[in-house]
Amino acid sequence: MKERLLELKEEALRKVEEAEDTKSLQDIRVSYLGKKGPITEMLRGMGKLSAEERPVIGQLANDVREEIANALDAKMKKLEDIALERRMAEETIDVTLPGRPVEVGGPHLLTSILEEIEDLFIGMGFEIKEGPEVETDYYNFEALNLPKGHPARDMQDSFYITEELLLRTHTSPVQARTMGAKDGSEPVKMICPGKVYRRDTDDATHSHQFTQVEGLLVDENVRMSDLKGVLNKFAKQMFGSDREIRLRPSFFPFTEPSVEMDISCKMCNGAGCSVCKGTGWIEILGAGMVHPNVLRMAGYDPETYSGFAFGMGPERIAMLKYGIDDIRHFYTNDIRFLKQYHKV
Ligand code: FA5
């Protein structure tokens, strides 16, 4: 029995010596020192030994167990130390390496232009309003003097969701919503920036989704000259004091009289070029005096109150201001294009 124990010890110690990972050490521990291991097995059979042999073999078996356990612990520590050293070597940080550059973003050109427009009108005492992009037929058309079947509805080809719901084709419904929320005697002075949608075919100056900024001023004694004064001030501040504005008669069912405003072309200084299609002028907005029917439907008495409204296209304004030749640049998000307009 003594020889067998010594043999087992030699065998176990050799295996410990050869073990290359902690998993093998666990296996050795289980197979030599575990409950079903050969040493425990031998200890169980000690009853068959003589009274003299029993303590000697018992002592030897315990010594062998202890020696194997110590060898296992020592090897385990050694392997753990090696693993730690290896990990530390792998994770060494070279503090002399240059840092990775952090890319700094910036607002989209359209966002900057909208903020610029908002700032200009806030400076003239207008407040900012918002309205829903999914709009009812009533606010998008009917409340703006465009009853069902009115031929002028064709001026704005629409994306309908149901019979009564559509993606708004302009920001003008916010006029009716803002007036309707008042009691019919409070003055209104607001602008409303936002996205609008039309079934327009995309080209250099048209997009099926674009932005508009609506403006509305309602009070007693508001005149066309007030509209002209506000638009003139806006245009000079936005494009520079050397730019001329021109109001042309036009038609919108919700304003009477109606006008469209042109800005003298920056590229050719009014002489005529490809950008202004040879006319020397570029259209940026529609406007007019709020139609009495629109005032009445929103609860304002047109005998006492009058107002002006306008709706401009910020993409067209940015194109004119920065000489951008295609509206699609705003939406294709080529970072090289957008980066040119990041303010540092
Ligand atoms: C309107 O949408 C009117 N609601 C404007 C208005 C408001 C008139 C208040 C009177 C009173 P219009 O369809 O012309 O009008 O559009 C106004 C501006 O939006 C245009 O001058 C142009 O700058 C811009 N715009 C129109 N269609 C597109 C398009 N498909 N892509 C980009 N910009 C467009």
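Relevant structure appears above.
All of these numbers come straight from a predicted model, not from anything done at the bench.

## Quick notes on the sheet that holds strand β7 (residues 255–264)
For step 1, the next point in the chain: Taking strand neighbours across the sheet as the criterion, the 7 strands line up as β1-β4-β5-β9-β8-β7-β6 in an open arrangement whose pairing is mixed. If you trace the sheet from one side to the other, it starts and ends with β1 (127–128) and β6 (245–252), each paired once.
For step 2, the next point in the chain: Pairing of strand β5 (residues 209–220) with strand β9 (residues 305–312), which is carried by 8 bridges, proceeds in the antiparallel orientation. Within the sheet, the bridge partner assigned to Val 218 lies in β9 and is Gly 307.
For step 3, the next point in the chain: On the sheet, helix α5 (residues 109–123) packs against β1, β4 (188–197), β5 and β9 and is oriented at approximately 165° with respect to β4.
For step 4, the next point in the chain: Relative to β4, helix α7 (residues 173–180) is tilted by about 140°, and along the sheet it contacts β4, β5 and β9.

## So, the site of the ligand
For step 1, the next point in the chain: In the region of the ligand, 26 residues are neighbours, and His 170, Ser 172, Arg 198, Asp 200 and Glu 283 sit closest.
For step 2, the next point in the chain: Contact between the ligand and His 170: a nitrogen atom at 2.9 Å from a side-chain N or O atom of the residue.
For step 3, the next point in the chain: Gly 313 places a main-chain nitrogen or oxygen 3.5 Å from an oxygen atom of the ligand.
For step 4, the next point in the chain: Calculation on the ligand without its partners gives an accessible area of 670 Å², and the protein chains cover 95% of this total.
For step 5, the next point in the chain: When residues of the shell around the ligand are traced back to their parent elements, those giving at least two are β5, β8 (281–290) and β9.
For step 6, the next point in the chain: In terms of residue count, the dominant contributor to the shell around the ligand is β8 (5 residues).
For step 7, the next point in the chain: Split into classes, the residues belonging to the shell around the ligand amount to 9 nonpolar, 12 polar and 5 charged.

## Let's talk about the packing of aromatic side chains
For step 1, the next point in the chain: What the rule picks out here adds up to 10 aromatic pairs.
For step 2, the next point in the chain: For the pair Phe 337 and Tyr 341, a centre-to-centre distance of 5.3 Å together with 65° between the ring planes defines the contact as edge-to-face. Across the pair, exposure class does not vary: Phe 337 and Tyr 341 are buried alike.
For step 3, the next point in the chain: Each residue in the set Phe 121, Phe 126, Phe 234, Phe 308 and Phe 310 is aromatic and connected to the rest through ring pairs, giving one cluster.

## Focus: the environment of Glu 52
For step 1, the next point in the chain: Along the chain, the position of Glu 52 falls in the loop between α3 (38–44) and α4 (53–90).
For step 2, the next point in the chain: Its relative accessible area of 62% is what places Glu 52 among the exposed residues.
For step 3, the next point in the chain: With 64 residues separating them along the chain, Glu 52 and Glu 116 place their C-alpha atoms 105 Å apart.

## Structural notes on the pairing of β5
Within a regular strand, side chains alternate between the sheet's two faces.
For step 1, the next point in the chain: Among the 12 residues of β5, 9 are classified as buried, and the element is accordingly described as predominantly covered.
For step 2, the next point in the chain: Taken together, the 10 bridges between β4 and β5 define a ladder with antiparallel strand orientation. Bridge pairing in β5 links Val 188 to Val 218.

## Describing α5
Three or four residues apart is the spacing at which side chains of an α-helix point the same way, because the helix has 3.6 residues per turn.
For step 1, the next point in the chain: Compared with the 21 Å implied by 1.5 Å per residue over 15 residues, the 21 Å span of α5 between its first and last C-alpha is a close match.
For step 2, the next point in the chain: Within the span of α5, buried status applies to Leu 109, Leu 110, Ser 112, Ile 113, Leu 114, Ile 117, Leu 120 and Phe 121.

## Notes on the environment of Gln 156
For step 1, the next point in the chain: Along the chain, Gln 156 turns up in the loop between α6 (137–140) and β3 (165–167).
For step 2, the next point in the chain: When the C-alpha positions of Gln 156 and Ser 241 are compared, they lie 33 Å apart, and in sequence the two are 85 residues distant.
For step 3, the next point in the chain: Contacts of Gln 156, omitting those with residues within four sequence positions, involve Phe 141, Thr 169, His 170 and Arg 198.
For step 4, the next point in the chain: Within polar-contact distance, the side chain of Gln 156 engages the side chain of His 170 at 3.3 Å.

## Remarks on the side chain of Gln 212
For step 1, the next point in the chain: Assignment of secondary structure puts Gln 212 in strand β5.
For step 2, the next point in the chain: On the accessibility criterion, Gln 212 (9% relative accessible area) is buried.
For step 3, the next point in the chain: Filtering out sequence-adjacent residues up to four positions away, Gln 212 remains in contact with His 170, Thr 171, Cys 192, Pro 193, Gly 194, Val 196, Arg 198, Met 312 and Pro 314.

What counts and what doesn't
- Residues numbered from 1 in each chain as written.
- Predicted model: local features only at pLDDT ≥ 70, side-chain atom pairs only at ≥ 80, totals over all residues.
- Heavy atoms only, no water.
- Pairing = 2+ DSSP bridges.
- Helix = DSSP H or I, 4+ residues; strand = E, 2+ residues; numbered from the N terminus.
- Contact = heavy atoms within 4.5 Å.
- Axes fitted to C-alpha atoms, helices over the stretch in contact; angles between N-to-C directions.
- Near = heavy atom within 4 Å.
- Polar contact = N/O pair within 3.5 Å; in protein donor to acceptor, adjacent residues only side chain to side chain.
- Areas by Shrake-Rupley, 256 points an atom, 1.4 Å probe, with all protein chains shown as cover.
- Nonpolar A, V, L, I, M, F, W, Y, C, P; charged D, E, K, R; others polar.
- Phe/Tyr/Trp six-rings, centres within 6.5 Å; stacked < 30°, edge-to-face > 60°.
- Buried < 20%, exposed > 50% of the residue type's maximum accessible area, 1.4 Å probe, protein only.
- Expected span 1.5 Å × (residues − 1).

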